[in-house]
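Architecture and fold: a report
Here's the letter readout for the chains.
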Amino acid sequence: MLFRNKRRVITGGGILLLILMYFSRNLGILVFIGLIIGSLLLFYYIDHAYKFDFPERYYIYIFIVLVAGLILGPNKPPLGFYYRNYYYDKVLHFISPFLMGFVIFFILNQLNVSLKWKLLMTVALVMGILGLFEIGEYMLDLFLDLQLQGVYLADYAKEIVKYEQIVAPIDDTMWDLIMGLIGGGFFALYKGVTLKLNIDY
């Protein structure tokens, strides 16, 4: 029954994405929809194959992060929040590590070590994953010039959209890592307090 509910979450997420694509009138996000559904199915496979028994809400957390990063962030209006608000990317780099911490801590919680070490390892792994993403962005920019690093604002009022760089790539990367560390640290604080008070959710 538990895995059936998780399949329902994935199916429901896929339907929501198709509805979003219809109302945004942007067929270009179809590729990103495929990536999101594929990521959820991979997470489901890992969950089932290794018997982690992740709570259903973790699927929702992953769905939220992927949609915010791959659908709402890039693409054209009414989407494209990366290019319309500088703070969107930074807020996402705070929220994503915070939600990621739940999944990582859930796995590490099975280890026979003290709580402080579990929380420390969770933050370290979150930062390691975030660092790999930043390296991936650098490599894609280096070889494909996708301009994933740096912050750009777009002027959609003009017939030909122009992008203006307002934050240099190195500064953008450093702030992404800083916000990720704050997000991971906030998770550790939240988890530590709720476990101590026995009100963990």
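This text goes with the structure placed above it.
To keep things clear, this report deals only with the structure shown in the data block. Please read these numbers as outputs of a predicted model, since none were measured by experiment.

Our next topic: helix H5 (residues 115-144). Given a rise of 1.5 Å per residue, 30 residues ought to cover 44 Å, and the 43 Å separating the end C-alpha atoms of H5 matches this to within 8%. Every buried residue of H5 is listed here: Lys118, Leu119, Thr122, Val123, Val126, Leu130, Gly131, Glu134 and Asp141. If you follow the buried residues of H5, they end up packed against helix H4 (86-108) and helix H6 (169-196). Taken from the residues just after H5, Asp145 is the one with a positive phi, measuring 50°.

Going through the model one piece at a time under the given rule, you end up with four salt bridges. Lys90 is the salt-bridge partner of Asp172, the closest N and O atoms lying 2.4 Å from each other. Here Asp172 is found in helix H6, whereas its partner Lys90 is found in helix H4, with 82 residues between them in sequence. Of the residues examined, Asp172 reaches a relative accessible area of 2% and is grouped as buried. On the basis of relative accessibility, which here comes to 7%, the residue Lys90 falls in the buried class. Among the charged side chains, a network of salt bridges with common partners joins Asp89, Lys90, Asp172 and Asp176.

Following both chains from N to C, one finds helix H3 (residues 56-72) and H4 inclined at 155°, their axes separated by 10 Å at the closest point. The pairing of H3 with H4 is recorded here as roughly antiparallel in orientation. Handedness of the crossing formed by H3 with H4: left-handed. Residues Tyr58, Tyr61, Val65, Ala68, Gly69 and Leu72 of H3 form the contact with H4, whose participating residues are Tyr88, Leu92, Ser96, Leu99, Phe102, Val103 and Phe106.

What follows is about the packing of H4 against H6. The contact between H4 and H6 brings their axes to 7 Å, and the two run at 40°. As summarised for this structure, H4 and H6 are arranged oblique, according to the angle between their axes. In the packing of H4 onto H6, the handedness of the crossing is right-handed. Each residue belonging to the contact of H4 with H6 can be placed in one class, and the counts come to twelve nonpolar, five polar and five charged.

So, about the environment of Ala49. Note on placement: Ala49 falls in helix H2 (residues 30-49). Residue classification places Ala49 among the partly exposed positions, given a relative accessible area of 35%. Along the sequence, Ala49 and Gly150 sit 101 residues apart, while their C-alpha atoms lie 39 Å from each other.

Positive phi outside glycine occurs at Asp145, with the angle close to 50°. In this structure, Asp145 sits in the loop between H5 and strand S1 (151-155). Within the chain, Gln147 stands out as a residue other than glycine whose phi angle is a positive 55°. With respect to the helices and strands, Gln147 occurs in the loop between H5 and S1.

The subject of this paragraph is H2. Taking 1.5 Å per residue as the helical rise, H2 with its 20 residues ought to reach 28 Å, and the 28 Å between its terminal C-alpha atoms agrees with that figure. Buried residues of H2: Ile33, Ile36, Leu40, Phe43, Tyr44 and Asp47, and no others. When H2 is viewed along its axis, its buried side chains cluster within an angular range of 100° and face the same direction. Exposed side chains of H2 directed beyond 90 degrees from the buried face belong to Val31, Leu42 and Tyr45. Positive backbone phi, at 55°, marks Lys51, one or two positions downstream of H2.

A few words on the packing of aromatic side chains. A full pass over the atoms with the stated rule returns 22 aromatic pairs. A ring pair is formed by Tyr61 and Phe102, whose centres lie 5.4 Å apart and whose planes are at 50°; its orientation type is tilted. Taken as a pair, Tyr61 in helix H3 and Phe102 in helix H4 lie far apart in primary sequence, 41 residues in all. We classify Tyr61 as buried; its relative accessible area is 16%. Among the residues examined, Phe102 registers a relative accessible area of 5% and is labelled buried. An angle of 75° between the planes, with centres 6.1 Å apart, marks the rings of Phe98 and Phe187 as edge-to-face. Taken together, the residues span a long stretch of sequence, with Phe98 in helix H4 and Phe187 in helix H6 at a distance of 89 residues. Overall, Phe187 belongs to the buried group, its relative accessible area being 1%.

Basis of the calculations
Once a new chain begins, its residue numbering starts again from 1 and follows that chain's sequence as written. Side-chain atom pairs in this predicted model are given and counted only at pLDDT of 80 or more, local residue features only at pLDDT of at least 70, and totals for whole chains, interfaces and linings cover all residues. Computation of side-chain values: all heavy atoms of the structure, hydrogens and water removed. Strands here are runs of E lasting at least two residues and helices are runs of H or I lasting at least four, both read from the DSSP assignment and numbered beginning at the N terminus. Each helix should span, by expectation, one fewer than its residue count multiplied by 1.5 Å. Exposure categories follow from relative accessible area, calculated using a 1.4 Å probe and restricted to protein chains: below 20% of the type maximum is buried, above 50% is exposed, and the middle band is partly exposed. By the convention used here, residues are in contact when the closest approach between their heavy atoms is within 4.5 Å. We count a salt bridge whenever a side-chain nitrogen from Lys or Arg sits within 4 Å of a carboxyl oxygen from Asp or Glu. Orientation is described by lines fitted to C-alpha atoms, with helices fitted over the stretch in contact, and by angles between N-to-C directions that extend from 0 to 180 degrees. Comment on the angle field: the value is read as roughly parallel under 35 degrees, roughly antiparallel over 145, roughly perpendicular from 65 to 115, and oblique elsewhere. Each crossing gets its hand from how the near helix is turned against the far one by less than a right angle, where anticlockwise is left-handed and clockwise is right-handed. When residues are sorted by character, Ala, Val, Leu, Ile, Met, Phe, Trp, Tyr, Cys and Pro go into the nonpolar class, Asp, Glu, Lys and Arg into the charged class, and all the rest, Gly among them, into the polar class. Our arc is simply the arc of the directions from the helix axis toward the C-beta atoms. The pairing test for Phe, Tyr and Trp rings, Trp by its six-membered ring, is centres within 6.5 Å, and the orientation test on the planes gives stacked under 30 degrees, edge-to-face over 60, and tilted for anything in between.

These results come straight from atomic positions and should not be treated as a statement about function.
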